Amino acid sequence: FSLVYGGGAGANGSGSRNFQSVFTEFNYFATDSIETGLAIRYDKFSDFGDTFNPKLSVSWQATEKFLYRASVGTGFKAPNLSDLYSGPTNG
């Protein structure tokens, strides 16, 4: 993918970004009532570098009416192009 930014009303600056992403997820049913999961996301940004974000999850169906879930993971959001490349605003 490719993004391009150009200055808006009264602002100077421009920039661009190319990025690629890969995501995969695996689920495993340890028993009839327990499910575990592993998800992995990799992003590569032309202007900001690489990021690797895993997530681990587990769910347990304790009874027919109660399901318990938990997960832990990381995330990343690259800065907006306007935040990185906009110049001073004249108004």
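Note that the structure is a prediction, hence the values are computed from the model and not measured.

### Description of the packing of aromatic side chains
All told, the structure shown has three aromatic pairs when counted by the stated rule. Both rings, one in Trp60 and one in Tyr68, keep their centres 5.6 Å apart while their planes meet at 25°; by these two values the pair is stacked. These aromatic residues form a ring-pair network of at least three members: Phe19, Phe45 and Phe76.

### Description of the pairing of strand β4 (residues 49–61)
In this sheet, β4 lies alongside strand β3 (residues 34–45) in antiparallel orientation, the contact comprising 12 bridges. When the bridges of β4 are listed, Tyr42 appears paired with Phe52. When β4 meets strand β5 (residues 67–73), the two strands line up antiparallel, connected through seven bridges. Bridge pairing in β5 places Ser57 opposite Ser71.

### Regarding the environment of Ser57
Along the chain, Ser57 turns up in strand β4. Residues Ser57 and Val72 lie 15 residues apart in sequence; the distance between their C-alpha atoms is 6.5 Å. Sequence-distant contacts of Ser57, that is, excluding residues within four places in its chain, are made with Glu35, Thr36, Gly37, Ala70 and Ser71.

### Section: the pattern of salt bridges
Enumeration according to the criterion identifies one salt bridge in this entry. For Asp43, the salt bridge goes to Arg41, with nearest N and O atoms at 3.0 Å.

### Points about the environment of Ala39
Tracing the backbone shows Ala39 in strand β3. Separated by 12 residues in the primary sequence, Ala39 and Asn27 have C-alpha atoms spaced 8.6 Å apart. Residue contacts for Ala39: discarding those within four places in its chain leaves Phe23, Thr24, Glu25, Asn53, Pro54 and Lys55.

Calculation criteria
- For every chain, the first residue of its written sequence is number 1, and the numbers climb from 1 along that sequence.
- Only residues with pLDDT of 70 or above have their local features reported here, since the model is predicted, and side-chain atom pairs are shown and tallied only from 80 upward, although totals for entire chains, interfaces and linings are computed over all residues.
- Here the side-chain values reflect all heavy atoms present in the structure, with hydrogen atoms and water set aside.
- In this analysis, rings of Phe, Tyr and Trp, with Trp reduced to its six-membered ring, are considered paired at centre separations within 6.5 Å, and the interplanar angle assigns stacked below 30 degrees, edge-to-face beyond 60, and tilted for intermediate values.
- The pairing criterion for strands is at least two bridges between them, as found by DSSP.
- Working definition: helices are DSSP H or I runs of at least four residues, strands are E runs of at least two. Numbering for both runs from the N terminus.
- Residues are treated as being in contact if the distance between any of their heavy atoms lies within 4.5 Å.
- When a carboxyl oxygen of Asp or Glu is within 4 Å of a side-chain nitrogen of Lys or Arg, the pair counts as a salt bridge.

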